[in-house]
Amino acid sequence: MSEKEDKIPVWCKSEDWCALKSTSKILGHKWVPVITYHIHDNTPARFSEIKQEIGDITNKTLSNNLDRMEEQGVVDRKVEKEKPVKITYELTDFGESLIPLVEDMISWGQENLREGEKEEAWIT
């Protein structure tokens with residue numbers, strides 16, 4: 001059995017939707033692709049740097065997403081015990097493997113969306 005086959009649960013190996021559902025579980029959260037993209041471009045990244053880059057995200061939302069991403073193995077959180085304590089985030093190899101998907105999302109958006117009201121995506 002290949003390494004790739006080992007990563008798919010036995011009960012759904014023959015179902016195409018299962019891989020899609022698993023991917024959506026990670027990238028399906030509104031901010032995860034955006035956070036992933038910003039950490040990739042600015043690694044290692046501090047919380048305040050990520051927030052500044054994204055702009056329109058609350059501290060709580062960013063914190064919750066980073067915690068979830070750490071639990072899922074997308075980011076590593078590193079604590080440097082200097083004064084003041086310095087916490088940085090970097091993508092894991094697994095997180096880096098998401099970058100092509102995030103870049104595809106960016107390309108698709110650039111090709112298919114037009115400007116509209118804030119928080120709305122207008123399809124041409």
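Note that the structure is a prediction, hence the values are computed from the model and not measured.

Reading guide: rules and limits
- Residues numbered from 1 in each chain as written.
- Predicted model: local features only at pLDDT ≥ 70, side-chain atom pairs only at ≥ 80, totals over all residues.
- Heavy atoms only, no water.
- Helix = DSSP H or I, 4+ residues; strand = E, 2+ residues; numbered from the N terminus.
- Buried < 20%, exposed > 50% of the residue type's maximum accessible area, 1.4 Å probe, protein only.
- Areas by Shrake-Rupley, 256 points an atom, 1.4 Å probe, with all protein chains shown as cover.
- Core = buried A, V, L, I, M, F, W, Y, C linked by side-chain atoms within 4.5 Å.
- Contact = heavy atoms within 4.5 Å.
- Patch = residues over 30% accessible without salt bridge, like charges linked within 9 Å, V, L, I, M, F, W, Y side chains within 5 Å.
- Salt bridge = Lys/Arg side-chain N within 4 Å of Asp/Glu carboxyl O.
- Lys, Arg positive; Asp, Glu negative; His and termini not counted.
- Charge placed at Lys NZ, Arg CZ, Asp CG, Glu CD.
- Pairing = 2+ DSSP bridges.
- Axes fitted to C-alpha atoms, helices over the stretch in contact; angles between N-to-C directions.

Caption draft 1: Layout of the overall build of the chain. Along the backbone of the chain there are seven helices and five strands. For the chain, the N- to C-terminal ordering of α and β elements is α-α-α-β-α-α-β-β-α-α-β-β. Burial status across the chain gives 24% buried among its 124 residues. For the chain, the computed accessible surface area is about 9000 Å², with 51% contributed by carbon and sulfur atoms.

Caption draft 2: Highlighting the nonpolar core. Ile35, Ile39, Ile50, Leu66, Val74 and Val75 are the most contacted members of the largest nonpolar core, which has 20 residues in total. Those elements that provide at least two residues to this core are helix 2 (16–27), helix 3 (32–41), helix 4 (47–54), helix 5 (59–71), strand 3 (86–91) and helix 7 (99–112). Once residues lying within four places of it in the same chain are set aside, the contact partners of valine 75 are Ile39, Leu66, Met69, Glu70, Tyr89, Glu90, Leu91 and Thr92.

Caption draft 3: Spotlight on the side chain of histidine 38. In this structure, histidine 38 sits in helix 3. In contact with histidine 38, other than residues within four places in its own chain, are Glu53 and Ile54.

Caption draft 4: Here's a closer look at a negative patch on the surface. A surface patch of like charges, here negative, comprises Asp41, Glu49, Glu53, Glu103 and Asp104. When contributions to the negative patch are tallied by element, the ones reaching two or more residues are helix 4 and helix 7. Relative accessible area serves as the criterion here: at 37%, glutamate 49 is assigned to the partly exposed category.

Caption draft 5: Seen up close, the sheet that holds strand 3. Within the open sheet, the three strands sit side by side as 1-3-2. Their pairing is antiparallel. Pairing within the sheet leaves two strands with one partner each, and these edge strands are strand 1 (45–46) and strand 2 (75–80). Examined bridge by bridge, strand 2 and strand 3 share six bridges and lie antiparallel to one another. Across the sheet, glutamate 80 pairs through a bridge with lysine 86, a residue of strand 3. Each of strand 1, strand 2 and strand 3 is contacted by helix 3, which is oriented at about 105 degrees to strand 3, the strand it contacts most.

Caption draft 6: Representation of unusual backbone geometry in the model. Backbone torsion omega between threonine 43 and proline 44 reads -10 degrees, so that peptide bond is classified as cis. Look at the link from lysine 83 to proline 84: it is a cis peptide, with omega at -10 degrees. Counting through the fold element by element, proline 84 comes out in the loop between strand 2 and strand 3.

Caption draft 7: Spotlight on the pattern of salt bridges. Scanning the entire structure with this criterion turns up one salt bridge. The residue lysine 78 makes a salt bridge to glutamate 90 at a minimum N-O spacing of 3.9 Å. Here lysine 78 is found in strand 2, whereas its partner glutamate 90 is found in strand 3, with twelve residues between them in sequence. Judged by relative accessible area, glutamate 90 falls into the partly exposed class, the value being 25%.

None of the figures reported here should be taken as evidence of function without further support.
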